[in-house]
Every structure is written in structure tokens, then in C-alpha cells.
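Okay, here's what each chain looks like letter by letter:
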Amino acid sequence: QVQLVESGGGSVQAGGSLRLSCVASGYTYTMAWFRQAPGKEREGVAAIGYDGDTRYRESVKGRFTISQDNAKNTLYLQMNSLQPEDTAMYYCAAGTVSLSFWVGHYNRWGQGTQVTVSS
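Residues numbered from 1 in each chain as written. Predicted model: local features only at pLDDT ≥ 70, side-chain atom pairs only at ≥ 80, totals over all residues. Heavy atoms only, no water.

Right, let's get into the sheet that holds strand β7 (residues 64-69). Each strand in a sheet pairs with another by means of backbone hydrogen bonds, the pair being arranged parallel or else antiparallel. In space, the four strands of this open sheet follow the order β1-β3-β8-β7, with antiparallel pairing throughout. The strands lining the two open edges of the sheet, one partner per strand, are β1 (4-7) and β7. Each neighbouring strand pair of the sheet contributes to a mean axis angle of 15 degrees, computed without reference to strand direction. Where β1 meets strand β3 (residues 18-24), four bridges bridge the pair, whose relative direction is antiparallel. Across the sheet, residue Glu6 finds its bridge partner in β3, namely Cys22. (Pairing = 2+ DSSP bridges. Helix = DSSP H or I, 4+ residues; strand = E, 2+ residues; numbered from the N terminus. Axes fitted to C-alpha atoms, helices over the stretch in contact; angles between N-to-C directions.)

Here we take up the layout of surface pockets. Considered as a void within the structure, the largest pocket measures approximately 230 Å³ in volume. Within the residue set of the lining of the largest pocket, elements represented by two or more residues are β4 (30-36), β7 and β8 (74-79). Residues belonging to the lining of the largest pocket are distributed by class as follows: six nonpolar, eight polar and one charged. (1 Å grid on protein atoms, 1.4 Å probe; cavity = no way out; pocket = protein on both sides within 12 Å on 5 of 7 lines; lining within 4 Å. Points joined across faces, edges and corners; volume = space filled by probe spheres on them. Nonpolar A, V, L, I, M, F, W, Y, C, P; charged D, E, K, R; others polar.)

So, about the environment of Trp102. Looking at the secondary structure, you find Trp102 in the loop between β9 (88-95) and β10 (106-109). Judged by its relative accessible area of 53%, Trp102 falls in the exposed class. (Buried < 20%, exposed > 50% of the residue type's maximum accessible area, 1.4 Å probe, protein only.)

Below, the discussion takes up the pairing of β4. Taken across its seven residues, β4 has six buried, putting it largely inside the fold. Alignment of β4 against β9, held across seven bridges, turns out to be antiparallel. The residue bridging Gln36 from the neighbouring strand is Met89, located in β9. Note that β4 and strand β5 (residues 43-48) share five bridges and pair antiparallel. Paired with Met31 across the bridge in β5 is Ile48. The hairpin formed by β4 and β5 contains six residues between the paired strands, and Gly39 there has a positive phi angle of roughly 80 degrees.

With 26 residues, the main nonpolar core has Trp33, Leu77, Met79 and Tyr90 as its most contacted residues. Among the elements of the structure, β3, β4, β5, β7, β8, β9 and β11 (113-118) are those that each provide at least two residues to this core. In this structure, Phe34, Ala47, Phe101 and Tyr106 belong to the second largest nonpolar core, which totals six residues. (Core = buried A, V, L, I, M, F, W, Y, C linked by side-chain atoms within 4.5 Å.)

This part takes up the state of the cysteines. Chemically, a disulfide is nothing more than a covalent bond linking the sulfur atoms of two cysteines. In the structure shown here, the tally under the stated rule is one disulfide. For Cys22, the disulfide goes to Cys92, at an S-S distance of 2.0 Å. Note on the Cys22 and Cys92 pair: the S-S dihedral is about 45 degrees, so by sign convention the disulfide is right-handed. A residue pair is termed long-range when its members are at least 10 positions apart, and Cys22 in strand β3 and Cys92 in strand β9 qualify at 70 residues. (Disulfide = S-S within 2.5 Å.)

Below, the structure is given as C-alpha cells:
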């Protein structure tokens, strides 16, 4: 079964940037980044479909970019202009429904990488 391993989280000040990476051990149909802040539900941040189409959460549009390198089986999330409200554990996920933000459509999850943005 496919395993996902994230990296790239950290602590930055508001306005800073981070790039998250997620390496998949096998083929994935569609992938996405989710995040979960303490006391809140897990929410979709960005998704990329099998054909390269992308979808973003409204609050990150223009600041975050999802991309993938199929040759390296790696998913990326470039995060610019980070704000304190972006603070959360970020997870990559592999799923079966392209561009979905519903957690139920994803059957493989990474362990998460923490992103902390200070004001």
C-alpha cells in the first residue's frame, strides 16, 4: 500500500514562506493537502487532480501553490505570505475523487508536519 511522508514544516514569522513536500511510495490517483488546527476539523487546503487541475481553499488562493513531480512521486505545497491563521498540522493525502476536499475521499494519509506562524 502507498505510504506518504511529509517534510518541510517549521516556524516562521507572518509574511514568511515554507515549502512542504510529500513523498509517495507508489502510484497515487489524486492528492491533496489538508490541515488541522487544535480544536478544529481537518480542512482541505489544496488539491491536484490526475490531469493536473488544481483547487484551493479560498483563504489560501494567491498565496499557496500545489504542484507535483511525477518522476519523483513527490507532492509540494509552496506557502507564501503565511499568516498566524495558517498555523496547523499539515497532512498530505492520496485519494480516489479528483479535487475533493472531503476527508472521506482520501484513503492514505501522511503523519503530518507542523506549521507555526507567529505574528
